Amino acid sequence: MQQYSSLPDQNSQIDATPKLLTTIQQLRAKLWLESSLNQLQSRLNYYLLSACNNVLQVETAESEVLQAVVNEINSVMNSTNLALTDYAVGIAMFQPQETVATVCYISRSPSQNSQPLFVDVLTAEKKLLLRLQEVIELEDLQQLENQQPPSAWRLADDSGSVMGWLIIAAASLSSDRESLIESKAQLRSQLMSRSANHCTTALVQLRHIRSWQQQYQELSNSNQELQRTNQLKNQFLANTSHEIRTPLSSIIGFTHLLLAPGYEPTIERQREYLNIIQSSGKHLLALINDILDLSKIEANQLEVQWESVDIPLLCSNVLALVKEKAANKGLRLCLEIDPDITSLVADSLRLKQMLLNLLFNALKFTSKGSVGLQVVPKGGSVHFTVWDTGSGISQEDQTQLFEPYFQIAKAVASGAEGTGLGLAVTRKLAQIHGGSVKVESEVDGGSRFTLLLPLKQEVGVGGDEEAGEAGEVGEAGGVEGTEEAKYSLSPLPFTPSSSVDILLVENDLPNADLMQIYLRKLGYQVTWVKNAAEMWEALTQLDPAVILMDIFLADGNGLNLVRQLREHEQYQTIPVIVQTAMAMKGDRETCLTAGVNDYISKPIDLPLLASLVAKYSKPPI
């Protein structure tokens, strides 16, 4: 460290060249000041570089910078005769909107024997103690800054907001050389002022570094999430491809076998093959419905229809749906409902779907013994427990049970059907209801899946929309069809006469043939047209009781045709039922808004189709 002595001692005998001596002293003072400030800047640069190279270092770098400033100033003043009898350098940190600052950094901690150091506030004729954790009023700091010579220097950021104050407290030095004291005070003031500037610059740069590192971290996290999403997408596509191809293979294979030239299977064989085709088709539909449910839940687009559900009735209906499957495996079904449980506010369709998912899983993994459903109240919740005496689930598999597409290895090996989505959908539906699903199981000791739902819900939270998209819960736990599936459970007692005309607007030949054959078998007169032009021509010669309208036609949109029909007085009262593959959220409402009377999604549920046609073609009483 280069040392500086401002003026010669009183015993110095340099008298001949006072002007030259003054110039040399000024030069030495300037060089010393620049050298000291360069050393401070070098120290600050070290901390800034460390902060750039280490994300964790940024959090501690600010403290290190502030302490380095007071330490360097202390070191400089100790190494020169700028030091007065006693002094201390400190930094008081200031928070926006506050009226006080707190001393957080100090160059030294005076010993117990030393006298405390004060800062003189000349205009207020008061003394401020400079020590750690001392609280100083903002008004006093501003007076220390403005007095001559100043004893405080503000640390302000780019916008002018004050971050803190650099303060010096010094004991007075009695001397008969006032010019010497004044020159030292001026040089010390320059040192403090420029040190405050260096400190401010370092703090601002640190905050920029912290901001950049936060942005970098956010970008890094976003990039990792995108990579994870891409991996999940690839896994989803691979799993979906496998799950779809499996039932399709059966459908295409057995259809090819039935159509093979020269192969004439017996009636029993034909029925067996057709049952396999039908089962595979239902499995494929269940998979698609599970995927749609899962995607709507993940996108937060699944709405529920809250209503008061008759728990005993719903549970009895659920067990009735699995009764045949249990009987085929020789399993006993048990139902136990606490008499205090009579009703629950929930979406009845989704509650039914969750219970069926759990029951079909229990039946799948149980070869002998029993499968049961127990419903009991506990605290403010209702516990639906599906238990079985099956093979049980290992602890390792239990950790992954609710992950999409996960299937237990032994189930896959045994050829058991399943999409691997049922439990994932069940858990998410439970969460939408404010509940959860838990599992207890051990290998060869059976399993217990418990669905916990809150006893009370706010009715009216959901909308009616989902009721139109939901339908009959199928064997695999998926949703099949639309809201009108309830008609297929109890068909209307109506036998049509041959005078009931149905106009079928459908551009797909296989679907048109299917509906024509089925409806004609029921006794309806069906006229089929495949586009909009043929529909208008047919209406000039036909007064249909019902119009079955496809949405996607070669020469127009079915919903636009419905709107046009409603604009003609003679067609305004004809019931229109749309049949479409549109089965996403909001599709049903879009159709009803266009003037449609009812909606059925493809693949066509034939009993449901019969119920809807009977409903709207039945003569008024």
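Residues numbered from 1 in each chain as written. Predicted model: local features only at pLDDT ≥ 70, side-chain atom pairs only at ≥ 80, totals over all residues. Heavy atoms only, no water.

Caption draft 1: The overall build of the protein chain, seen in detail. Along its length, the protein chain carries 17 helices and 23 strands. The proportion of buried residues among the 621 residues of the protein chain is 45%. Counting every atom, the protein chain has about 32500 Å² of accessible surface; 51% of that belongs to carbon and sulfur. (Helix = DSSP H or I, 4+ residues; strand = E, 2+ residues; numbered from the N terminus. Buried < 20%, exposed > 50% of the residue type's maximum accessible area, 1.4 Å probe, protein only. Areas by Shrake-Rupley, 256 points an atom, 1.4 Å probe, with all protein chains shown as cover.)

Caption draft 2: Examining the pairing of strand β17 (residues 501–505) more closely. Counted residue by residue, β17 has four buried out of five residues, so it is predominantly covered. With five bridges connecting them, β17 and strand β18 (residues 525–529) associate as parallel partners. Within the sheet, the bridge partner assigned to L504 lies in β18 and is W528. Sheet topology places β17 next to strand β19 (residues 546–550); four bridges connect them, and they run parallel. Pairing of I502 across the sheet is with V546, part of β19. (Pairing = 2+ DSSP bridges.)

Caption draft 3: Quick peek at the sheet that holds strand β22 (residues 576–580). Ordered in space as β18-β17-β19-β22-β23, the five strands form an open sheet in which the pairing is parallel. For this open sheet the edge positions go to β18 and β23 (598–601), each flanked by a neighbour on one side alone. For this sheet, the mean inter-axis angle between neighbouring strands, taken without regard to orientation, is 20°. The strands that helix α13 (residues 509–521) touches are β17, β18, β19 and β22; relative to β18, the one it contacts most, it runs at about 170°. (Axes fitted to C-alpha atoms, helices over the stretch in contact; angles between N-to-C directions. Contact = heavy atoms within 4.5 Å.)

Caption draft 4: The arrangement of the environment of V425 in detail. Relative to the elements of secondary structure, V425 occurs in helix α10 (residues 422–432). Residue classification places V425 among the buried residues on the basis of a relative accessible area of 0%. Taking the C-alpha atoms as reference points, V425 and I297, 128 residues apart in sequence, are found 8.3 Å from one another. Setting aside residues no more than four positions away along its own chain, V425 makes contact with D290, D293, L294, I297 and Q353.

Caption draft 5: Examining empty space enclosed by the protein more closely. Following the criterion strictly, the structure yields one cavity of 30 Å³ or more and no others. Roughly 40 Å³ of volume is contained in the largest cavity. What lines the largest cavity is S36, L37, L40, E72, I73, V76, L191 and S195. Where the lining of the largest cavity is concerned, the elements lending two or more residues are α1 (18–53), α2 (57–78) and α4 (178–259). Residues that form the lining of the largest cavity fall into these classes: five nonpolar, two polar and one charged. (1 Å grid on protein atoms, 1.4 Å probe; cavity = no way out; pocket = protein on both sides within 12 Å on 5 of 7 lines; lining within 4 Å. Points joined across faces, edges and corners; volume = space filled by probe spheres on them. Nonpolar A, V, L, I, M, F, W, Y, C, P; charged D, E, K, R; others polar.)

Caption draft 6: Inspection of the nonpolar core at higher detail. Within the largest apolar cluster, 46 residues are counted, with the highest numbers of intra-cluster contacts made by I311, L351, L355, F384 and L451. With nine residues, the top contributor of residues to this core is helix α7 (residues 348–364). Setting aside residues up to four positions removed in sequence, F384 forms contacts with I311, C315, L344, L351, L355, L373, Q374, V375, F449, T450, L451 and L453. Formed by 38 residues, the second largest nonpolar core is a distinct cluster that contains W32, Y105, L155 and L206. (Core = buried A, V, L, I, M, F, W, Y, C linked by side-chain atoms within 4.5 Å.)

Caption draft 7: Expanded view of the confidence of the model for the protein chain. Residue-level pLDDT values for the protein chain average 79, and 79% of them are 70 or greater. Residue range residues 1–14 is modelled with pLDDT below 50. Its contacts to residues more than four positions away, or to other chains, number 35 contacts. Every residue in residues 459–494 scores below 50 in pLDDT, and together they form 109 contacts with partners more than four places removed in sequence or on other chains. (pLDDT = per-residue confidence, 0-100.)

Caption draft 8: Spatial organisation of the packing of helix α5 (residues 267–298) against α10. Close contact between α5 and α10 brings their axes to 10 Å; oriented N to C, the two are set at 40°. The element α5 and its partner α10 pack so that their crossing is left-handed. For the pair α5 and α10, the contacting residues are D290, D293, L294, I297 and E298 in the first and G422, A424, V425, K428, L429 and I432 in the second. Residue classes in the contact of α5 with α10 are distributed as six nonpolar, one polar and four charged. (Left-handed = near helix turned anticlockwise from the far one by under 90°.)

Caption draft 9: Region of the structure containing the packing of aromatic side chains. For the structure on display, the rule yields three aromatic pairs. A centroid spacing of 5.4 Å and a plane angle of 70° characterise the contact between Y46 and Y47, whose relative ring orientation is edge-to-face. Note on F254 and Y273: the rings are 5.1 Å apart at their centroids and 40° apart in plane angle, and the pair reads as tilted. Separated by 19 residues along the polypeptide, F254 in helix α4 and Y273 in helix α5 bring together distant segments of the chain. On the accessibility criterion, F254 (22% relative accessible area) is partly exposed. (Phe/Tyr/Trp six-rings, centres within 6.5 Å; stacked < 30°, edge-to-face > 60°.)

Caption draft 10: The arrangement of the sheet that holds strand β9 (residues 332–337) in detail. Strands sit in the order β9-β11-β12-β14-β13 across an open sheet of five strands; the sheet is mixed. Of all the strands in the sheet, the pair left with one neighbour each is β9 and β13 (436–441). Taken over all neighbouring pairs, the strand axes of this sheet differ in orientation by 15° on average, direction set aside. In this structure, strand β11 (residues 370–378) lies alongside strand β12 (residues 381–388), joined through eight bridges in antiparallel fashion. Paired with L373 across the two strands is V386, which belongs to β12.

Caption draft 11: Quick peek at the pattern of salt bridges. In this structure the tally under the stated criterion is eleven salt bridges. When the shortest N-O distance is used, the salt bridge between R43 and E72 registers 2.7 Å. Separated by 29 residues along the polypeptide, R43 in helix α1 and E72 in helix α2 bring together distant segments of the chain. Residue class for R43 comes out partly exposed when judged on its relative accessible area of 31%. With a closest N to O distance of 3.0 Å, E534 and K530 form a salt bridge. What makes E534 partly exposed here is its relative accessible area of 26%. Judged by its relative accessible area of 41%, K530 falls in the partly exposed class. (Salt bridge = Lys/Arg side-chain N within 4 Å of Asp/Glu carboxyl O.)

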